[in-house]
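Read off the chains here:
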Amino acid sequence: MGYTGEYAGEYTREELLICAIARMLEGCRNIAVGTASPIPGSAALLMQALTGGTSRASILGSNIHNPFNDGGPELFDRAGQGRVDAFFLGGGQIDGEANINLVSTGPYPEPDTRFPGSFGSAYLYFSVPRVILFREEHSRRVFVDKVDFISAPGWSPPGVHRPGGPHALITSLCIFLYDKEHRRFRLDGLLPGATLEQVRDNTGFDFDCPDDVGPVAPPEPDWIALIHSRIAEEISETYPEFARNRLDWQG
Amino acid sequence: MGYTGEYAGEYTREELLICAIARMLEGCRNIAVGTASPIPGSAALLMQALTGGTSRASILGSNIHNPFNDGGPELFDRAGQGRVDAFFLGGGQIDGEANINLVSTGPYPEPDTRFPGSFGSAYLYFSVPRVILFREEHSRRVFVDKVDFISAPGWSPPGVHRPGGPHALITSLCIFLYDKEHRRFRLDGLLPGATLEQVRDNTGFDFDCPDDVGPVAPPEPDWIALIHSRIAEEISETYPEFARNRLDWQG
Amino acid sequence: MDTPENYISADEIASRIPDGALIGVPKEDGGVAMEVTRALIRRGARNLRLLTVPVSSMQADILIGAGCVSEIETSGVSMGEFGYAPCFRRAVQDGAIAMRDATCPALYAELQASEKGSPFQPLRGIIGSDVLAHRADWKVIDNPFAEGGGDPIVLLPAVRPDVALFHARYGDRHGNVWVGPKRECVLLAHASASTFVTVEEIWDGNLMEDDRMLAGTIPPVYVDAVAHAKRGAWPLSLANCYGRDCEHLRDYVKAAKSPEGFADYLKQHVHAEQAVA
Amino acid sequence: MDTPENYISADEIASRIPDGALIGVPKEDGGVAMEVTRALIRRGARNLRLLTVPVSSMQADILIGAGCVSEIETSGVSMGEFGYAPCFRRAVQDGAIAMRDATCPALYAELQASEKGSPFQPLRGIIGSDVLAHRADWKVIDNPFAEGGGDPIVLLPAVRPDVALFHARYGDRHGNVWVGPKRECVLLAHASASTFVTVEEIWDGNLMEDDRMLAGTIPPVYVDAVAHAKRGAWPLSLANCYGRDCEHLRDYVKAAKSPEGFADYLKQHVHAEQAVA
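Here is what the cut-offs are and how they apply
- Residues numbered from 1 in each chain as written.
- Chains lettered and ligands numbered in written order.
- Predicted model: local features only at pLDDT ≥ 70, side-chain atom pairs only at ≥ 80, totals over all residues.
- Heavy atoms only, no water.
- Helix = DSSP H or I, 4+ residues; strand = E, 2+ residues; numbered from the N terminus.
- Rg over C-alpha atoms; globule rule 2.2 N^0.38 Å.
- Contact = heavy atoms within 4.5 Å.
- Areas by Shrake-Rupley, 256 points an atom, 1.4 Å probe, with all protein chains shown as cover.
- Lys, Arg positive; Asp, Glu negative; His and termini not counted.
- Charge placed at Lys NZ, Arg CZ, Asp CG, Glu CD.
- Axes fitted to C-alpha atoms, helices over the stretch in contact; angles between N-to-C directions.
- Parallel < 35°, antiparallel > 145°, perpendicular 65-115°, else oblique.
- Nonpolar A, V, L, I, M, F, W, Y, C, P; charged D, E, K, R; others polar.
- Core = buried A, V, L, I, M, F, W, Y, C linked by side-chain atoms within 4.5 Å.
- Buried < 20%, exposed > 50% of the residue type's maximum accessible area, 1.4 Å probe, protein only.
- Domains from an automatic or database assignment.
- Buried area = accessible area lost by both parts, 1.4 Å probe.
- Salt bridge = Lys/Arg side-chain N within 4 Å of Asp/Glu carboxyl O.
- Pairing = 2+ DSSP bridges.
- 1 Å grid on protein atoms, 1.4 Å probe; cavity = no way out; pocket = protein on both sides within 12 Å on 5 of 7 lines; lining within 4 Å.
- Points joined across faces, edges and corners; volume = space filled by probe spheres on them.
- Disulfide = S-S within 2.5 Å.
- Polar contact = N/O pair within 3.5 Å; in protein donor to acceptor, adjacent residues only side chain to side chain.

S.K.: Even after reading the chapter, I still don't get the overall build of chain C, so can you show me in this structure?
M.R.: Looking only at helices and strands, chain C has 10 helices and 12 strands in total. Relative to the compact-globule value of 19 Å for 277 residues, chain C shows a C-alpha radius of gyration of 19 Å, a close match. Across its three principal directions, the C-alpha atoms of chain C cover 65 × 50 × 30 Å. Relative to all contacts within chain C whose residues are 6 or more apart in sequence, the contacts with residues 24 or more apart total 74%. Counting every atom, chain C has about 9100 Å² of accessible surface; 46% of that belongs to carbon and sulfur. Once the 27 positive and 37 negative side-chain charges of chain C are each reduced to a mean point, those two points are 3 Å apart.

S.K.: Which parts of the structure should I look at to understand the packing of helix 4 (residues 86-93) of chain C against helix 8 (residues 246-256) of chain C?
M.R.: Axis angle and axis distance: for two packed helices, these are the angle between their axes and the distance between the axes, and together they describe the pair. All names here are of chain C. Where helix 4 meets helix 8, the axes come as close as 8 Å, and the angle between the chain directions of the two elements is 25 degrees. Comparing the axis directions of helix 4 and helix 8 gives the class roughly parallel. Residue-level inspection shows Pro-86, Cys-87 and Arg-90 of helix 4 in contact with helix 8, the latter providing Tyr-252, Val-253 and Ala-256. The residue makeup of the contact of helix 4 with helix 8, split by class, is five nonpolar, no polar and one charged.

S.K.: Sorry if this is basic, but what is going on with the nonpolar core here?
M.R.: A general trend in soluble globular proteins is that nonpolar side chains are found buried together. Phe-185 of chain A together with Ile-17, Ile-62, Leu-165 and Tyr-252 of chain D are the most contacted members of the largest nonpolar core, which has 130 residues in total. No fewer than three residues from each of domain 1 (10-103 + 159-228 + 241-271) and domain 2 (120-156) of chain D sit in this core. The next biggest cluster of nonpolar side chains, apart from the first, holds 129 residues, and it includes Ile-72, Trp-138, Val-179 and Val-223 of chain C.

S.K.: What exactly am I supposed to notice about the interface of chain D and chain A here?
M.R.: Often, the extent of an interface is quoted as the loss of accessible area upon association of its parts. Counting residues at the interface gives 37 residues for chain D and 34 residues for chain A. Summed over both partners, the interface of chain D with chain A buries about 3000 Å², with 59% contributed by carbon and sulfur atoms. Of all residues in chain D, Gln-93, Asp-101 and Asp-130 of chain D bury the most surface against chain A, accounting for 15% of the area lost on that side. Viewed at the interface, chain A and chain D are joined by two salt bridges. Looking at the side of chain D that touches chain A, the elements with two or more residues in it are helix 4 (86-93), strand 4 (98-101), helix 5 (104-116), helix 6 (130-133) and helix 7 (183-191) of chain D. Considering only residue class, the side of chain D that touches chain A consists of 15 nonpolar, 11 polar and 11 charged.

S.K.: What is the right way to look at the interface of chain D and chain B in this model?
M.R.: Between chain D and chain B, the residue contacts involve 18 residues of the former and 14 residues of the latter. Summed over both sides, the interface of chain D with chain B buries roughly 1300 Å², with 35% coming from carbon and sulfur. Its largest share of buried area at the contact with chain B, chain D owes to Lys-116, Val-221 and Tyr-222 of chain D, together 40% of the area lost on that side. At the surface where chain D touches chain B, the tally comes to one salt bridge.

S.K.: I keep staring at the sheet that holds strand 7 (residues 152-157) of chain C and nothing clicks. Help me out?
M.R.: Two orientations exist for strands paired in a sheet by backbone hydrogen bonds: parallel and antiparallel. Residues and elements named next belong to chain C. Taken together, the three strands give an open sheet; going across it, the order is 5-7-6, and neighbouring strands pair in antiparallel fashion. Each edge of the sheet is formed by a strand with only one pairing partner; in this case those strands are strand 5 (120-123) and strand 6 (139-142). On average, each strand axis in the sheet is inclined to that of its neighbour by 40 degrees, with strand direction left out of account. For strand 5 and strand 7, the ladder comprises four bridges, and the chain directions are antiparallel. In the sheet register, Leu-123 faces strand 7, and the bridge partner there is Val-154.

S.K.: It is not clear to me how empty space enclosed by the protein should be interpreted in this structure. Could you clarify?
M.R.: Under the counting rule described, the total for this entry stands at six cavities of 30 Å³ or more. There is about 430 Å³ of room inside the largest cavity. Lining the largest cavity we find 23 residues, and of these Gln-112, Glu-115 and Arg-183 of chain C together with Glu-115 and Arg-183 of chain D sit closest to its centre. Those elements that place two or more of their residues in the lining of the largest cavity are helix 3 (73-80) of chain A, helix 3 (73-80) of chain B, helix 5 (104-116) and helix 7 (183-191) of chain C together with helix 5 and helix 7 of chain D. Here the second largest cavity defines a volume of roughly 110 Å³. Considering the residues around the second largest cavity, the lining is formed by 15 residues, among which Asp-77 and Tyr-123 of chain B, Pro-105 and Leu-123 of chain C together with Lys-116 of chain D are closest to the centre. Looking at the lining of the second largest cavity, the elements that each hand over two or more residues are helix 3 of chain B together with helix 5 and strand 5 of chain C. Here the lining of the second largest cavity is composed, by residue class, of eight nonpolar, four polar and three charged.

S.K.: Got a minute to help me understand the state of the cysteines in this structure?
M.R.: Put plainly, two cysteines are in a disulfide when a covalent bond ties their sulfur atoms together. Residue and element names in this part refer to chain B. According to the stated counting rule, one finds zero disulfides over all chains in the structure shown. With no disulfide of its own, Cys-28 lies 16 Å from the sulfur of Cys-19, the closest cysteine sulfur. By relative accessible area, which is 2% here, Cys-28 ends up buried. Cysteine Cys-209 shares no disulfide, and the gap to the nearest cysteine sulfur, in Cys-174, comes to 9.3 Å. A residue is classified by how much of its surface remains accessible, and Cys-209, at 25% relative accessible area, is partly exposed.

S.K.: What is the right way to read the domain arrangement of chain C from this model?
M.R.: Residues and elements named next belong to chain C. Under the domain assignment used here, chain C contains domain 1 (10-103 + 159-228 + 241-271) and domain 2 (120-156). Its C-alpha centre places domain 1 at a distance of 30 Å from the equivalent point of domain 2. Each side of the interface is counted separately: domain 1 has five residues, and domain 2 has five residues. Of all residues in domain 1, the largest losses of buried area upon contact with domain 2 belong to Arg-100, Asp-101 and Thr-103, amounting jointly to 73% of the total for that side. In this assembly, domain 1 and domain 2 are joined by two salt bridges. A salt bridge links Arg-100 to Asp-137; the shortest N-O distance between them is 2.9 Å. Counting across the domain 1 and domain 2 interface gives three residue pairs in polar contact (both at pLDDT 80 or more). Residues belonging to the side of domain 1 that touches domain 2 are distributed by class as follows: one nonpolar, one polar and three charged.

The following block contains the structure:
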């Protein structure tokens, strides 16, 4: 969090993450981005730009980049209809079954640390097919064996209506993909500088790991150019400080 | 239906009916009037004028006399909340328990005569405390022993949530009040020229009748003046032909 | 302003509404797409299933009269002060169309459930009516929140029209349409699988970027195609734009009372229209 | 245009919101009545129960910090990019307020049920979460429309706030207020027993008679009192009018991290405000 600047000599972490997320959004028609999500928001806008608008980005808090206009309930209604293809969630804690905790650590309701609250997670995690978990802080504090409070469960027993669920988990060290069948994360790629050992040391849950886990693909050069021009300008409407400090936007 | 002009030498049937209905609306805050209801609409507007707006008239189809603006579902939502105090219903058939039929006579669904349909009756008859039935044609064809199709029942068994229901039935011959406890109509007053015998002859259901049934009170002279000025002008927005032909409105 | 390039024609809209489709249409003062309605008759549409939100007048009547409709779910079809709806009455009495009698808020509830992706919506009232008795698709449960049990309440299933069809005041070249306070059209667009709109006028600018128009605008995420149809609701009204053509409606009702008169009406006002226009 | 005669002041609104009231308030960009919020603190309001639609930021935090709140139903209280909500966090960790954790669409559903006079609304999702586990007032039934049984679904009970409180862009002298596309405010007004609104500007004319404003207007049938409060959402934003006062919010978060700093903030920006204004 708050890390800024050059990275691996060639591109920044922001550029890498934005591109990695954008790749996961391929084929999505409607991509919704919630509060406090400048990197996912940039990725959604990048995908919108790359597809000429076939992928539509809905940035919460934006007046311009929002294909909905009907106030608060609308995003949830559209998600309930299956009209939202991708969404992003974070978590004060995330565990190995992809349960997420946005409420508190320790006992409930008088906790050790209180987080803001579950927001729409308990609904959107069920209704959006491709939910991408995004949490930059990669630590055992965040990635726990079992969350203290389930804001939204990573999976549901048979018989529970659930067209949606977790697709991937992106951190400052690596990308995991979620295996719905086995209800486990599988390491998919390491960010530059990160090692498998470092991931293991900082992850409180068990995960699958292929023998040949490699680096996350570097950002496409033409995408980088787009990020620092059109995307930076577009995201600056909603996240001016992010655009200025982390995408070097001078506009 | 379609009768127009002077009546009893002193006042018209329209004036009498509008005033009789207006009296029934005393104390109502929100009075809603549905389609094809110029006389109830005039009565509601009269009450609004007399109370200085404490009673609010909502005339379906009017752009001006409508305290709601949120489109179709709104009237029903407000009625469901108990915010609508009075409403009007008619009926192709009405029976002695105040069941109303707006659908058809004969077998269903291939009837002898098809009427337009139930509209909101199956809901509003349950939710609006003071539903006034208004049907000018007083005949055994309309006032039957048992309706062929219940668009909305006049009463409900215990346990069914029902804050609303029938209050009165107004015809071209008389006014009945509805006795909820006994689920029967009771004759309350005769219109000028009508006799008890005539009412009996033209009513297909049994009803209660006090020994001393008298005439419906004549319209208040100052109300008549109001009807032909402000009320005629107001109702002419929604019912221009009614205002012109039956209230002599020249505006 | 010229018609935007990505607009299609009313006849093209009609050609994109397939036979057998479940079509949701607004009530008479909600913005009725009469121009497309005539185009549907011209193209010989068949087996349409109409869902009126919540009632209809000439639109349902003329489609039924022209043999385009196999089924209707409605709370009422009437010509209002011009009398009963002749083709509707005749078709129901003859058993020529299947009836799904409803009551206004139940139709809204069915669409609201669809709008939300919920399987059903509860609704008070209705219990003890023959409307309910003839609707096997509506269910009654005991209100789970009632203390001590009992308290029956009706549940309406979600109904998702294949097509929402209406006429709006404005459209812009960005695919937005403006219906103002006609929330039944917003509901229809949200609840339906696809939405076709005719617009009266072209709005110069972006309706989504105009603070004052925003609340009454339906964005392109819900709109599949737009056609420019001046006086597209005629002979019905468009709010704050033009009133009903009362004389024409009176003539229609008179003509439609006999199959022959109705056939003449179609010949004169529907099939001849393209030539005239 | 002068303030209409039948308007009251923000402090009078605060005095008409009784201790113990269940107050529904919109999210940060929905039009937050911060002027009345400060007036509530000044009048020493106690035991307010907050219902945030569906989340809140400084409004909930400052009311909680000032000891006005005994209970909150919310999907989240956060200062967004300025960090966590300090008073909210402290109060919950200390057990000083009762928590009713919710999820956004459940709060809408509770209000929508109230708006309709329905006892409940169904909502997909939530099952298996601890949000549900801690809400004894929410129920799970088997979807009666599912073939073959099973298919659990959550039902949310209707919740009717005693008071809806928000800040709108315009008010006119006929008692109408205009919230534009902020439908959560429309929902709040419809769902609540009473509604108090502050307005940024006075609209010259009748909002209900202006075709373009109608869709975003809440008529007086839902509004109990209006106050004129210029910059009434400050330091939060009002859509298309002014943005957040970021510097002030940053200072607030810094101050509120300690009870002493928060007390100083109140002294300077809440209790002193009347003298300054």
